[in-house]
Structures are given as C-alpha cells and as structure tokens.
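# Structural overview for review
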Amino acid sequence: MAVTIVVGAQWGDEAKGKMVDLLSSQARIVARYNGGDNAGHTVVNQYGTFKLRLTPNGFSSPQTACVIGPGVVLNLATLFDEIQMINKAGIDLAGRLWVSPRCHVVMPYHPQVEAAYEEAKGTLATGTTRRGMGPVYADKVSYNGIRLFDFADPETLKEKLAVQLRIKNQFLQSVGKPNLDLNFILNEKLAQYAQIKQFVRESFGLIQDALSSNTEILLEAAQGSLLDNDWGTYPFVTASTTISGGAAAGLGIAPRWVTRVIGVAKAYTTRVGAGPMPTELFDADGEALRKAGAEYGTVTGRPRRCGWFDAALVRFTAQLNGCTDLALTKLDVLDRLPVIRLCTGYRHSSTGEAMRQYWEGDAAWLDQISPVYIEMEGWQQPTTHVRRFSDLPAQAQAYVNKVADLTGVRVSFVSVGAERESIIRI
Ligand code: GDP
Ligand code: IMO
Ligand code: MG
C-alpha cells in the first residue's frame, strides 16, 4: 500500500491534472476528494487533450479505478458529458468509475443563489466560477443537501426537493429571480441520474481492500491550498477543504495511510478570481507570463492573474499539506525572461517594516504589503525538450534549487511542457 496525494500548493491550476495523469500508470485507484465542476484539470496524452472537471485523471490507465469520493459535489450533467467525451476517445469507464452515493448534488438553485450573493457583493465579490459551489456545500453542512442516495427513491427525493424549493424560491423571488418548478427539476434530475446510475456505488470497500494489499492509490485534490475554506485567503476561497487533510474525510482514508504528499506549484504564480495576490504583475512581465503560459481559466475562460513565484506562501502551503515533494510545473514558461524574481517574504507597503507570516493574521493584510524579492538570471533558451535535470541550463537548475531551498521541500519533478512526457524526474 502507498497513498500519494497530489495537491495544489498555490491558487489552483498548478497542473495537478498533468501530474496525476503521469503518475496514474502506477496506480490501482485514482480518487478525487473535494470540489466539483469548478475544477478544470488538463491532461495531454496519447488519447488527446482533455479538460476534466469531475472525472479523476486515472481514466487513461486501463488498470485504474476512478473514484469520486463523498467529499465531492456533483453536477450530474457535467459528469455525464465527461463520461461521453472519454468514451468517444475510445476509453471505456464501465466497471472502472465509482461515484459515492454520499456525494451531494448541485441543484439548479445553487448557481442562482450564488449569483445573487456575488451580484449583491459588487466589488467585494469572490469571482467564483458560478458552478454553485458555495451554496451546495452550505446546504450540505446545514443538513439541507440532496445526495445521490436520495435518488434511489423518487418519492422521498420529491419531498426533500419540495422543502428546499419552498425556501429557495422565496429567496430567489426576493432578489427578483423567477421561481423554479418542482416537477421540472425533479424530472430533469431523475433523467440525468439515470444516465450515470450504473457508476453510483460506494468505494469504501474497494479502497479498504487496496489499503490492505500492496497497491498504489493516488488522490487528486481540486483547487489550491490558498483557496482552502479554512486556510486560504478567506473570503476569496472555495467552499471545500482543498488541502491534503481533506482527503481523509473526503474519501474515508485514515491519515495514517498517507505515505507521500506531492505539492504541485507553478514556477510562477497565477490566480483566477478576486482576492489578495502579493506578487501579481501589472506590467509587460505579467503579460509575457500570461501569453507564454496560456493563462486563461479552464472552466470560465477568464484571463488568469500572473506574477512571480511566492516562496513565502508555498513554504506555508508545503507545511500545511505536509508535502514530501514538490512538482514544479511550467518551468518552460520562464524560458525567455532575462531576469526572474522570487518572493522570499513581505514588507509593509507604507512603513517598510518586515512583516509577519501570512498565517499569523487575516489574509486581508496581504493587500497592505509589498513582496521582498531576490533576482535570478534567466536562461533564455528552450527547455521543453529536456528530460534530465543535468541537461537543464545552469540558471534553470539554480532556479529549481532555489525554490527547494526557500520552500524547504525537495523538488522531485520539473514539468517543461503540457504533454505527459514533458517531465524531468529528479
Ligand atoms: P490543474 O487545474 O491544476 O489541473 O491545471 P489546469 O489544467 O487548469 O492548468 C494547467 C495548464 O497548463 C493546462 O493548460 C496544462 O495543459 C498546461 N501545462 C501543464 N504542465 C505544463 C508545463 O509544464 N508547461 C506548459 N507550458 N504548460 C503546462
Ligand atoms: P482547479 O482544480 C483555480 C477559484 C475561483 C474563485 C474561487 C471560488 O482547476 O485548480 P468557486 O467557484 O469554487 O466558488 O470559486 O475559487 N477557483 C479556482 N481557481 N483553479 C480551480 O480549480 C478553481 N476552483 C475555484 O476562481 O476565485
Ligand atoms: Mg484548473
């Protein structure tokens, strides 16, 4: 048994999908434990390019079971679309996909409630993906959720839905939105459920069997640690537990089984949506990163905010997750830059005073600080073809080593392109 968690060490989109796909050929199970279709995980392999939001990225490896654990919230239509897309690529998920009946289901009112709050907040809006994540998790923790279990009995489902609609419709009416119809939603959701029903079964036994035998289990986090509901830059976060600790509850895998935690971090920083981002660049360097890294959101198409690598924050997320390794991704995006900066800490923007660490205060103070940078020489030559660390230009090796020094974690993988093969193992 070996349980590896692949977790985002920044604000999401670190290339977790690529890393999970790469490692999945060794795994018997690949499982998601948090989030929903707010995630967009890109995989480029021999079957093509996939941007998956719910299906775990073990789908390309025929021996691998793909598990969606109870910690994930499900948009049924998204899941069915993905299953069809994967089938079209010639990959069969029958018998390999497991969706926990404990998963809560996103209902049509969830994105609408979310939109009402986002609009009411105006400039203070979180800038969500509008997939209903906040409201569906809020219903879950306040005992108002509807789970896949409920779909087994349409009469009970109807009763539960009726209660929710009584309250939700009053709310929607109060913000000038039309009422939702019980029978319409019921029929739509039952039809969607029928499309995925064959995959709905609890994976707990499968996972416990795997834990007691000599097999590899790979856990795929969604979002990034700085979007974690407890530890991220609240309220500019997501609704789930995104950190490695979430895997235990989100899948029913006790913490003692976890053997490896790979934090995935881009060689620079990006963020989609609102909230503090100390190293954000508003100049030509920022634009160069966005262009070279094709930094546009997978789910919403929004341009991602780009900036230098923030070692102060990644040191924190590495501790938070217990990272045993880092995967430093998109190093090739820095190929053309003559000078590269790394943030090692912060100073108060007006007094110049050295600042505390992020975790000591409210995330809002990240708006009042300026990053302290060190500068490193760029390598100004392509790296995408490189497969051995020693073949990287000396400046690129120095950059990777500096990231390891500053974050306190060994860098075990360097990704130099979107394709599965574009990887350096150290
Ligand atoms: P995830 O949400 O963490 O899985 O990441 P996304 O898929 O949202 O974003 C990562 C993007 O970077 C995708 O478009 C990937 O195809 C791409 N990508 C992954 N690794 C590399 C890399 O090493 N270099 C480059 N240039 N692109 C990469
Ligand atoms: P992956 O798994 C990047 C961001 C949104 C917004 C905040 C809350 O692909 O890394 P939500 O819709 O979750 O309520 O939005 O979180 N966000 C992500 N940013 N990558 C993601 O997922 C994200 N999922 C949510 O942009 O700022
Ligand atoms: Mg993504």
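Given the structure is predicted, the values throughout are model-derived calculations rather than measurements.

Between helix H5 (residues 154-174) and helix H6 (residues 182-196), whose axes approach to 10 Å, the crossing angle comes to 135°. In this view, H5 runs oblique relative to H6, as classed from their interaxial angle. Viewed along their axes, H5 and H6 form a crossing whose handedness is right-handed. Contacts between H5 and H6 involve Pro154, Leu157, Lys158, Leu161, Ala162 and Leu165 from the first element and Leu182, Asn183, Ile185, Leu186 and Leu190 from the second. Partitioning the contact of H5 with H6 into residue classes produces 9 nonpolar, 1 polar and 1 charged.

Ligation of the magnesium ion (ligand 3) by protein atoms is provided by Asp13 (OD) and Gly40 (O), these donors lying 2.0 to 2.2 Å from the ion. In this pair, aspartate 13 is assigned in the loop between strand E1 (2-8) and helix H1 (16-24) and glycine 40 in the loop between strand E2 (29-32) and strand E3 (41-45), connecting sequence segments 27 residues apart.

Here the focus is the domain arrangement of the protein chain. Along its sequence, the protein chain is carved into domain 1 (3-101 + 199-262), domain 2 (104-196) and domain 3 (265-425). Placing the centre of domain 1 and that of domain 2 at their C-alpha centroids yields a distance of 24 Å. Facing 28 residues of domain 1, the contacting portion of domain 2 comprises 22 residues. Summed over both sides, the interface of domain 1 with domain 2 buries roughly 2,000 Å², with 64% coming from carbon and sulfur. Of all residues in domain 1, Val73, Leu76 and Pro101 give up the largest surface area on contact with domain 2, accounting jointly for 32% of the area buried on that side. Counting across the interface, domain 1 meets domain 2 through 1 salt bridge. Where domain 1 packs against domain 2, one counts 9 residue pairs in polar contact (both at pLDDT 80 or more). Sorting the residues of the side of domain 1 that touches domain 2 by element identifies strand E6 (73-74) and helix H2 (76-88) as the ones contributing at least two each. It is H2 that contributes the most residues to the side of domain 1 that touches domain 2, 6 residues altogether.

Okay, the sheet that holds E2 next. One open sheet accounts for 9 strands, arranged E7-E5-E2-E9-E1-E10-E14-E17-E18; its pairing is mixed. Of all strands in the sheet, those with a lone pairing partner are strand E7 (97-99) and strand E18 (423-425), marking the two edges. Pairwise comparison of adjacent strand axes, ignoring direction, gives a mean angle of 20° for this sheet. The pairing of E2 with strand E9 (residues 216-224) spans 4 bridges and is parallel. Across the sheet, the residue bridging to isoleucine 29 is isoleucine 217, located in E9.

Near ligand 2, the surroundings consist of 22 residues, among which Asp13, Lys16, His41, Thr129 and Thr238 are the closest. In the model, an oxygen atom of ligand 2 is placed 3.1 Å from a nitrogen or oxygen of the valine 272 main chain. For ligand 2, an oxygen atom lies 3.0 Å from a polar atom in the side chain of arginine 302. Here ligand 2, which alone exposes 550 Å², has 97% of that area covered by the protein. Classifying every residue of the shell around ligand 2 gives 7 nonpolar, 11 polar and 4 charged.

The next subject is the packing of aromatic side chains. Taken as a whole and judged by the stated rule, the model has 7 aromatic pairs. Aromatic pair tryptophan 231 and phenylalanine 316: ring centres 6.2 Å apart, planes at 50°, arrangement tilted. In this pair, tryptophan 231 sits in the loop between E9 and helix H8 (246-251) while phenylalanine 316 sits in helix H10 (residues 311-321), placing the two residues 85 residues apart along the sequence. Taking the relative accessible area as the measure of exposure, tryptophan 231 reaches 41% and is therefore partly exposed.

In the neighbourhood of ligand 1, 18 residues make up the surrounding shell, with Lys16, Gly40, Thr42, Asp332 and Ser415 lying closest. Contacts to ligand 1 include aspartate 13, whose side-chain N or O atom sits 2.9 Å from an oxygen atom. Relative to its unbound accessible area of 580 Å², ligand 1 is 90% covered by the protein chains. Elements that contribute at least two residues to the shell around ligand 1 include exactly H1 and E3. The element best represented in the shell around ligand 1 is H1, accounting for 3 residues. When the residues that make up the shell around ligand 1 are grouped by side-chain class, the tally is 4 nonpolar, 7 polar and 7 charged. Residue contributions to the shell around ligand 1 reach at least three from each of two domains, namely domain 1 (3-101 + 199-262) and domain 3 (265-425).

Analysis parameters
- Residues numbered from 1 in each chain as written.
- Chains lettered and ligands numbered in written order.
- Predicted model: local features only at pLDDT ≥ 70, side-chain atom pairs only at ≥ 80, totals over all residues.
- Heavy atoms only, no water.
- Axes fitted to C-alpha atoms, helices over the stretch in contact; angles between N-to-C directions.
- Helix = DSSP H or I, 4+ residues; strand = E, 2+ residues; numbered from the N terminus.
- Parallel < 35°, antiparallel > 145°, perpendicular 65-115°, else oblique.
- Left-handed = near helix turned anticlockwise from the far one by under 90°.
- Contact = heavy atoms within 4.5 Å.
- Nonpolar A, V, L, I, M, F, W, Y, C, P; charged D, E, K, R; others polar.
- Donors = N, O, S within 2.8 Å, 3.2 Å for Na, K, Ca; no water.
- Domains from an automatic or database assignment.
- Buried area = accessible area lost by both parts, 1.4 Å probe.
- Salt bridge = Lys/Arg side-chain N within 4 Å of Asp/Glu carboxyl O.
- Polar contact = N/O pair within 3.5 Å; in protein donor to acceptor, adjacent residues only side chain to side chain.
- Pairing = 2+ DSSP bridges.
- Near = heavy atom within 4 Å.
- Areas by Shrake-Rupley, 256 points an atom, 1.4 Å probe, with all protein chains shown as cover.
- Phe/Tyr/Trp six-rings, centres within 6.5 Å; stacked < 30°, edge-to-face > 60°.
- Buried < 20%, exposed > 50% of the residue type's maximum accessible area, 1.4 Å probe, protein only.

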